[in-house]
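Geometric and topological summary
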Amino acid sequence: MNPSDSPLEPHDLPEGVQRVMAALREAGHAHAPVMLNAAARTASQAADALGIDVGQIAKSIIFRRKSDDAAVLVITSGDRRVDEKKVAALVGKIGRADAGFVKLKTGFSIGGVSPVAHAEPPVTLIDRDLYRFDEIWAAAGHPHGVFKLTPSDLERLTGAPAADVALAKEPP
């Protein structure tokens, strides 16, 4: 793992990371965000920077629910793709969310969307495939920010249910 060498004070952190740090502290979460030296905009980049399996990255994907324009957050394992039909069956018709919608609804830019501390509470689903791992990492509000947690922590922090929302993995 390559977190920043110098200890950071909260006021030194980007605003999104400060929001995530405050939310985690308020929830009594044991692990504060860390800043990586390299950007981790993709699950693969984050896994490489942390020295972990890409599946251990809890990637946050935002969709737009068509009925009410709500943000739908799907937190999935980094080595899986979201099955939009499965998500729609659970939350209603969804569409793609552009960068402006993501920023407006979550307060985060694409590549740094955290599962917590959103500008507006999203409709949230957690991919069951994350439960394959004892330890996972999620974005902390900035492309360089991440924090450690367990799948159970993720459920507790978001209040979201675990669901089958990933595309079936094709055999090798």
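Residues numbered from 1 in each chain as written. Predicted model: local features only at pLDDT ≥ 70, side-chain atom pairs only at ≥ 80, totals over all residues. Heavy atoms only, no water.

1. Some points on the pairing of strand 6 (residues 136-139)
Bridge count for strand 2 (residues 57-65) against strand 6 is two bridges, and the pairing is parallel. Directly across from Ile57, in strand 6, lies its bridge partner Trp137. Across four bridges, strand 6 lies against strand 7 (residues 145-149) in antiparallel orientation. Of the residues in strand 7, the one forming a bridge with Ala138 is Phe147. The turn linking strand 6 back onto strand 7 is made up of five residues, and Gly141 within it adopts a positive phi angle of 90°. (Pairing = 2+ DSSP bridges. Helix = DSSP H or I, 4+ residues; strand = E, 2+ residues; numbered from the N terminus.)

2. Section: helix 1 (residues 15-26)
Helix length check: helix 1 (12 residues) gives 17 Å between terminal C-alpha atoms against 16 Å at 1.5 Å per residue, within 8%. Along helix 1, the positions that sit buried rather than exposed are Gly16, Val17, Val20, Met21 and Leu24. Buried residues along helix 1 cover an arc of 135° about the axis, so they all sit on one side. Away from its buried face, by an angle of more than 90 degrees, helix 1 presents the exposed residues Arg25 and Glu26. In this structure, the buried residues of helix 1 make contact with strand 1 (34-35), strand 7 and helix 5 (151-158). Directly after helix 1, the chain includes Gly28, whose backbone phi takes a positive value near 75°. (Expected span 1.5 Å × (residues − 1). Buried < 20%, exposed > 50% of the residue type's maximum accessible area, 1.4 Å probe, protein only. Arc of directions from axis to C-beta. Contact = heavy atoms within 4.5 Å.)

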